[in-house]
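Descriptive analysis of the structure
What follows is each chain in one-letter form.
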Amino acid sequence: MKQFHDDKKIIAHIFIPCVMIAVLLLLSVHTAIADYNFDGFPKTDELEEVEQGSVKGGVYIDGGHGVGLSPYTQSFNVPKGEITWARLYVGVWGGKKENTGSVAVTFNDKELETLELEGEADTNSNVYCSSHGVYWIYYGVTDNTTSGPIDAVVTTSGEIDGRVYGVVLVVVYEESDGEEVEYWINDGNVNLHGEGWSGEYATNDEAVAEFDGTVDVDKFAAARLTVVYLTGTPGLNDYLYFNDEKLCDGDNCDDIANSKQSFDIKTFDVIDYIEKEANKATFELGDEDYVHPVLAVLSLHTEEEGDSDLTVSNVAVPILYTGSTNTISATIENIGDDPAYGFQAALYVDSKVVSTASISSLAVDRNKTVDFTWKPDCEGEHMLWVYADHNDKKAELCETNNNNTPLTVNVIDFTPPEIEIDQPEDGEIVDTDVITVSGTIEDTSKNITVLVNGASVILSGKKWSAPVSLSYGYNKIIVNAVDGANNSATEFVLVRSLVHPSGESSIPSEESKGIIDTAMTVAKAPFDKIGRLFFGLGVLIIFVSIAAVYWWRKRLK
């Protein structure tokens with residue numbers, strides 16, 4: 001029998017570790033096949049090369065237009081020529097890495113494969129998923145791409161958030177009389193991020209796109225780098241370098257992923273920075289919370305950029321309000337002989353640039369609508385116009401038709417003043433019958449009236465102050481402000497004065513800003529002591545009783 005039990009122990013010692021090893025193996029296999037990594041996929045710090053070569057023709061890259069609801073439509077206009085390679089990219093927001101759903105795409109009137117998106121458990125070979133469910137999906141569409149206008153329609157469903165960041169098309173095409181172009185196409189989904197609000201993640205703050213091979217630098221007259229980002233935030237700095245040279249989007253060198261639509265596609269002229277070998281682009285996080293570089297395309301051209309001609313064909317202006325972010329839309333058109341690549345349009349108000357918009361490419365006889373934002377700081381009439389290629393980067397057939405006729409617009413002030421009472425604090429107790437009330441006022445109008453308890457006060461810039469007489473007890477101090485557009489605001493505080501009509505003051509205890517009723521405290525004190533005494537006697541009696549019972553039962557035995 002003993003031998004039997006010993007054998008069972010031996011079997012148990014062998015069986016349990018084997019089961020644990022098997023479970024660990026299964027878990028490791030599951031992790032290995034999932035096409036997901038929080039820091040980035042397929043690489044956490046690199047966009048991988050997926051296509052490289054040379055062609056007598058060109059490389060077409062276009063897309064947009066920023067985050068939007070499903071179904072999401074994006075239009076393209078592919079140049080004439082024979083298509084040798086084409087890939088369609090779709091960015092989708094999952095909401096959480098655990099969420100699941102599906103994405104269906106129709107491209108050039110053909111339904112592509114519907115994909116099941118599984119977040120952190122995704123196994124689709126053409127799905128890159130990272131972070132909290134940011135998807136970058138690609139489709140090989142070489143056989144389905146044709147020259148001319150093409151639409152892509154994206155439809156999402158399921159538990160995922162389902163909004164689409166943007167859709168991008170990259171096409172390599174041949175032309176019988178085209179220039180020679182050498183190109184590199186790198187993609188992936190790198191999640192550049194800080195520690196996060198909870199501090200649970202280590203930072204991932206840099207990624208590269210390497211363009212391997214040697215380059216005959218004397219052969220090429222033009223070089224363009226096109227990059228695509230998801231989830232960028234305007235106002236939070238991030239940086240882009242090419243061969244250690246910082247790149248600038250017009251005058252903007254420190255916030256490349258700056259679209260309010262969480263999607264950026266931008267083209268840069270890098271001909272002055274091309275090296276004979278080991279060319280690379282470097283993406284730096286800066287102080288962004290999250291930003292995802294997902295595409296980098298380098299193309300070298302034997303001919304300089306041709307003759308485009310950029311005009312502003314339409315400007316749509318809504319009702320404009322002070323204190324609010326207003327969106328002005330403009331349509332930029334290319335009426336020249338050749339495409340235009342990598343330029344900026346700008347919104348001018350009263351001869352000052354207030355907003356810019358980047359355009360990666362614009363084909364001949366095509367137009368693109370871009371959005372500008374403006375937050376006016378004062379009401380009244382202003383002169384507004386939009387200027388295409390405002391920093392004059394493009395050589396155009398005509399340089400005098402880049403802007404629309406200036407518009408006279410009227411800005412309305414519906415924003416009430418913002419009152420801040422600095423002193424006294426609400427609920428404060430004072431031992432005086434006169435107090436100075438002070439604070440600040442914020443408003444878009446310069447014509448502001450401030451009243452404290454109905455009496456007008458003098459403003460010094462944004463600051464105001466006034467003496468106020470107090471009565472014994474609680475006093476309500478009311479501050480009113482009215483601006484030039486008759487918008488008004490009111491704030492108040494309660495202050496308690498301890499000064500009696502006789503002029504004597506009753507000083508509160510040091511307990512708090514409230515007054516402690518000392519009479520009640522003294523009255524309750526004897527009862528508190530007696531209660532504590534009875535409680536102690538009760539505990540003592542219980543212990544003595546237990547000891548007596550124990551001693552008595554022991555004597556009985």
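Preceding block: the structure.
Right, let's walk through the structure included here. Because the structure is predicted, anything quoted here is derived from the model rather than measured.

1. Here's the deal with the overall build of the protein
For the protein, the count of helices and strands is two helices and 38 strands. With 557 residues in all, the protein has 42% of them scored as buried. When contacts within the protein are restricted to residue pairs at least 6 apart in sequence, long-range pairs at least 24 apart make up 75% of them. Here the protein has roughly 29,300 Å² of accessible surface; of this, 52% comes from carbon and sulfur atoms.

2. Topic: the state of the cysteines
With the rule as written, the count across this model stands at one disulfide. The disulfide that involves C248 links it to C253, with 1.9 Å between the sulfurs. Its torsion about the S-S bond being 105 degrees, the disulfide of C248 and C253 is classed as right-handed. Judged by its relative accessible area of 33%, C248 is partly exposed.

3. Comments concerning the nonpolar core
The nonpolar side chains of a soluble globular protein tend to be buried, and buried together. Among the nonpolar cores identified, the biggest contains 33 residues, and L88, I137, Y139, V167 and L169 are the most heavily contacted of them. Looking at this core, the elements with two or more residues in it are strand 3 (72-78), strand 4 (82-93), strand 5 (101-107), strand 7 (115-117), strand 8 (127-130), strand 9 (134-140), strand 10 (148-158) and strand 11 (164-174). With residues up to four places along the chain from it excluded, the contact list for L169 reads Y60, I61, D62, F76, V78, R87, L88, F107 and V141. Counting residues in hydrophobic clusters, the runner-up holds 28 residues, among them V215, Y229, I256 and V270.

4. Side note on the pairing of strand 21 (residues 290-301)
When you tally the buried positions in strand 21, you get twelve out of twelve residues, the bulk of the element. One ladder, built from seven bridges, connects strand 12 (residues 179-187) with strand 21; its direction is antiparallel. From the neighbouring strand, N186 faces strand 21, where its bridge partner is A296. Sheet topology note: the strand 14 (residues 192-193)/strand 21 ladder contains two bridges and is antiparallel. Opposite H193, over in strand 21, you have Y290 as the bridge partner. Pairing of strand 16 (residues 222-230) with strand 21 involves nine bridges; the strand directions are antiparallel. Along strand 21, the bridge assignment pairs L230 with H292.

5. Regarding the sheet that holds strand 29 (residues 407-412)
The strands that make up a sheet pair up through hydrogen bonds in the backbone, lying either parallel or antiparallel. On the basis of which strands lie adjacent, the open sheet formed by five strands has the order 23-29-28-25-26 and mixed pairing. Bordering the open sheet on either side are strand 23 (320-321) and strand 26 (352-362), each of which pairs with just one other strand. In this sheet, strand 29 lies alongside strand 23 in parallel orientation, the contact comprising two bridges. Looking across to strand 29, one finds that Y321 is bridged to I412.

6. A short note on the sheet that holds strand 32 (residues 434-442)
Strand order across the open sheet formed by four strands is 30-32-36-35, with antiparallel pairing between neighbours. Both outer strands of the open sheet, strand 30 (418-423) and strand 35 (459-460), are each paired with one neighbouring strand and no more. Pairing between strand 30 and strand 32: five bridges, direction antiparallel. When the sheet's bridge partners are listed, Q423 is paired in strand 32 with S438.

7. Here's the deal with a negative patch on the surface
The grouping of E418, E420, D422 and E491 at the surface amounts to a negative patch. Of all the elements, strand 30 adds the most residues to the negative patch, at three residues. Looking at the element boundaries, E491 is found in strand 38 (residues 488-497).

8. Considering the packing of aromatic side chains
If you walk through the whole model with that rule in mind, you get eight aromatic pairs. Ring centres of F41 and Y128 lie 6.2 Å apart, and the angle between their planes is 50 degrees; this geometry places the pair in the tilted category. Taken together, the positions of F41 in strand 1 (residues 40-41) and Y128 in strand 8 put the pair 87 residues apart, joining distant regions of the chain. The same class applies to F41 and to Y128, which are both buried. Aromatic pair Y348 and W385: ring centres 5.5 Å apart, planes at 0 degrees, arrangement stacked. Within this pair, whereas Y348 is found in strand 25 (residues 340-349), its partner W385 is found in strand 28 (residues 380-388), the two being separated by 37 residues in sequence.

9. Overview of the side chain of D238
By the element assignment, D238 lies in the loop between strand 16 and strand 17 (239-242). A distance of 3.4 Å separates the side chain of D238 from the backbone nitrogen of I256, its partner in a polar contact. Engagement of the side chain of D238 in a polar contact is seen with the backbone nitrogen of A257, the distance being 3.1 Å. For D238, the residues in contact, after removing those within four places along its chain, are Y229, D254, D255, I256, A257, E284, L285, G286 and E288.

10. A word on unusual backbone geometry
A negative phi holds for most residues other than glycine; trans holds for most peptide bonds. Backbone torsion omega between G64 and H65 reads 5 degrees, so that peptide bond is classified as cis. As for its placement among the helices and strands, H65 is situated in the loop between strand 2 (46-64) and strand 3. In the segment running from Q423 into P424, the intervening peptide bond is cis, with an omega of -5 degrees. Positionally, P424 belongs in the loop between strand 30 and strand 31 (428-430). The phi dihedral of T231 is positive, around 70 degrees, even though this residue is not glycine. Taking relative accessible area as the criterion, T231 reaches 15% and is therefore assigned buried.

11. A word on the pattern of salt bridges
Working definition: two side chains of opposite charge can pair if their charged atoms are close together. Counted according to the given criterion, the structure contains eleven salt bridges. Here E305 and K394 are joined by a salt bridge, their closest N and O atoms 3.2 Å apart. Note that E305 is positioned in the loop between strand 21 and strand 22 (310-316) and K394 in the loop between strand 28 and strand 29, a separation of 89 residues in sequence. E305 sits in the partly exposed class, given a relative accessible area of 25%. The shortest N-O distance in the salt bridge between E442 and K462 comes to 3.3 Å. Linking E442 in strand 32 with K462 in the loop between strand 35 and strand 36 (463-469), this pair joins segments that are 20 residues apart in sequence.

12. What about the environment of I328?
Take I328: it is sitting in strand 24 (residues 326-334). Separated by 58 residues in sequence, I328 and V386 place their C-alpha atoms 9.6 Å apart. In this structure I328 touches V315, A316, V317, P318, L320, L347, V370, D371, F372, W374 and L384, once residues within four positions along its chain are discounted.

13. As for the pairing of strand 19 (residues 263-269)
Of all the seven residues making up strand 19, six are buried; the element is thus mostly covered by neighbouring parts of the structure. By the bridge criterion, seven bridges tie strand 16 to strand 19 in an arrangement that is antiparallel. If you follow R224 over to strand 19, its bridge partner there is D269.

Thresholds applied
Residues numbered from 1 in each chain as written. Predicted model: local features only at pLDDT ≥ 70, side-chain atom pairs only at ≥ 80, totals over all residues. Heavy atoms only, no water. Helix = DSSP H or I, 4+ residues; strand = E, 2+ residues; numbered from the N terminus. Buried < 20%, exposed > 50% of the residue type's maximum accessible area, 1.4 Å probe, protein only. Contact = heavy atoms within 4.5 Å. Areas by Shrake-Rupley, 256 points an atom, 1.4 Å probe, with all protein chains shown as cover. Disulfide = S-S within 2.5 Å. Core = buried A, V, L, I, M, F, W, Y, C linked by side-chain atoms within 4.5 Å. Pairing = 2+ DSSP bridges. Patch = residues over 30% accessible without salt bridge, like charges linked within 9 Å, V, L, I, M, F, W, Y side chains within 5 Å. Salt bridge = Lys/Arg side-chain N within 4 Å of Asp/Glu carboxyl O. Lys, Arg positive; Asp, Glu negative; His and termini not counted. Charge placed at Lys NZ, Arg CZ, Asp CG, Glu CD. Phe/Tyr/Trp six-rings, centres within 6.5 Å; stacked < 30°, edge-to-face > 60°. Polar contact = N/O pair within 3.5 Å; in protein donor to acceptor, adjacent residues only side chain to side chain.

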